[in-house]
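# Structural characterization, general
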Amino acid sequence: SVEGKTAIVTGSNSGIGLGIARSFAEAGMKVVLNSYTDDAADHDLAADLSKEFGTEVRYIGADLSKGAEARRLVTEAGACDVLVNNAGIQHVAAIEDFPEAKWDAIIAINMSSAFHTTAVAVPMMRKAGWGRVINLASAHGLTASPYKSAYVAAKHGVVGLTKVVALETAEDPITANAICPGYVMTPLVEKQIPDTMQKYDLDRETAIRDVLLARQPSKEFATTGQLGGTALFLCSDHAAQITGTTISVDGGWTAL
Ligand code: NAD
């Protein structure tokens, strides 16, 4: 049972990370929330979840664009049975116009932070005799789209990292897997809608159906609750032999 296990979920004050944190808290896990903001609202969110689900929920601010901060997050948490590397940002531009600083930030936050947190968490999991590493990759960890060079590169990197961590922990009671969502309605996607409307000169509804969900055959966004359920399944005993692989939650995107 996962009850009482400690889970660190990076980038969990909104979107998918928050959905996963809620599912974990509901299952009785102790949860560490994180983002770079470290606002009063973040600490209030932890207190609210703790009250709602009757379990320990803490917030630790850390800017995961910096390796040392990513490592401090895990050290400061003090325990890490489940590590969910979820923090991520997006930027959409043609490669010749892609700002170098955006490239660096996306590689650092979406990919390198998972290297740093995992490096600290795996020894803790070995010591505890159980562990789960769950990386939020993307359908863009398996396939590509134009104008998302940094994101697609980082997400393919995360899938590769996941396989290596799985092999290095294969004989330990630890698994490492990547969840590959298609489009999930979160603030990250919400921010892409105006750009898409402008770029293709479309109204909101058409931009969503014909551009954002063009490659999602179900024509529906996945929900953060469904991602929480998938992460919880990977923590269960049923998933003990699932390691080094990807689970798509993409309405059929990667079947196309
Ligand atoms: P979101 O914008 O709602 O949340 C992103 C989270 O990352 C926030 O909590 C934010 O505070 C945090 N974050 C950003 N920069 C950070 C930094 N420097 N340090 C620490 N935290 C930082 O986004 P989301 O849609 O929930 O995405 C979560 C993850 O899922 C990302 O890795 C994203 O790439 C991936 N994903 C999302 C979708 C989707 O459709 N929304 C699809 C596939 C994959």
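Predicted model, so just to flag it, every value in this text is computed and none were measured.

### Notes on the site of the ligand
Near the ligand there are 27 residues, and of these Gly11, Gly15, Gly88, Thr186 and Leu188 occur at the shortest range. Looking at the shell around the ligand, the elements that each hand over two or more residues are helix 1 (15-26), helix 4 (100-128) and helix 6 (187-190). In terms of residue class, the shell around the ligand is made up of 13 nonpolar, 13 polar and one charged. Counting contributing residues per domain, the shell around the ligand is built from domain 1 (6-184 + 222-249) and domain 2 (185-217), each supplying no fewer than three.

### Some points on the pairing of strand 2 (residues 30-35)
Of all six residues that make up strand 2, six are buried, and the element is covered over most of its length. One ladder, built from four bridges, connects strand 1 (residues 6-9) with strand 2; its direction is parallel. Considered in strand 2, the bridge of Thr6 is made with Lys30. Considered for its hand, the β-α-β crossover made up of strand 1, helix 1 and strand 2 is right-handed. Two elements, strand 2 and strand 3 (residues 57-61), share five bridges in a ladder whose sense is parallel. Across the sheet, Ser35 pairs through a bridge with Gly61, a residue of strand 3.

### Observations concerning the environment of Arg209
Within the secondary structure, Arg209 sits in helix 8 (residues 204-212). It is 21 Å that separates the C-alpha atoms of Arg209 and Ala93, two residues lying 116 residues apart in sequence.

### Regarding unusual backbone geometry
A positive phi is found at Asp38, a non-glycine position, where the angle reads about 55 degrees. Within the element layout of this structure, Asp38 appears in the loop between strand 2 and helix 2 (40-53). Its 15 C-beta neighbours within 10 Å are what place Asp38 among the partly exposed residues. Positive phi is not limited to glycine here, since Asp201 has a value of about 55 degrees. One can find Asp201 in the loop between helix 7 (192-200) and helix 8.

### Notes on the confidence of the model for the protein chain
Should the pLDDT be low somewhere, the predicted coordinates at that spot are not to be read in detail. Counting all residues, the mean pLDDT for the protein chain is 97, and 100% of those residues have values of 70 or more. The complex model carries a pTM of 0.96, and its ipTM stands at 0.99.

### Some points on the domain arrangement of the protein chain
When cut into domains, the protein chain gives domain 1 (6-184 + 222-249) and domain 2 (185-217). Using C-alpha coordinates to define each centre, domain 1 is positioned 25 Å away from domain 2. Contacts between domain 1 and domain 2 engage nine residues on the former and 10 residues on the latter. Class assignment for the residues of the side of domain 1 that touches domain 2 results in four nonpolar, five polar and no charged.

How each quantity is defined
Residues numbered from 1 in each chain as written. Predicted model: local features only at pLDDT ≥ 70, side-chain atom pairs only at ≥ 80, totals over all residues. Near = placed C-beta within 6 Å. Helix = DSSP H or I, 4+ residues; strand = E, 2+ residues; numbered from the N terminus. Nonpolar A, V, L, I, M, F, W, Y, C, P; charged D, E, K, R; others polar. Domains from an automatic or database assignment. Buried ≥ 20, exposed ≤ 12 C-beta atoms within 10 Å, placed from the backbone. Pairing = 2+ DSSP bridges. Right-handed = clockwise from strand over helix to strand, strands pointing away. pLDDT = per-residue confidence, 0-100. Contact = placed C-beta atoms within 7 Å.

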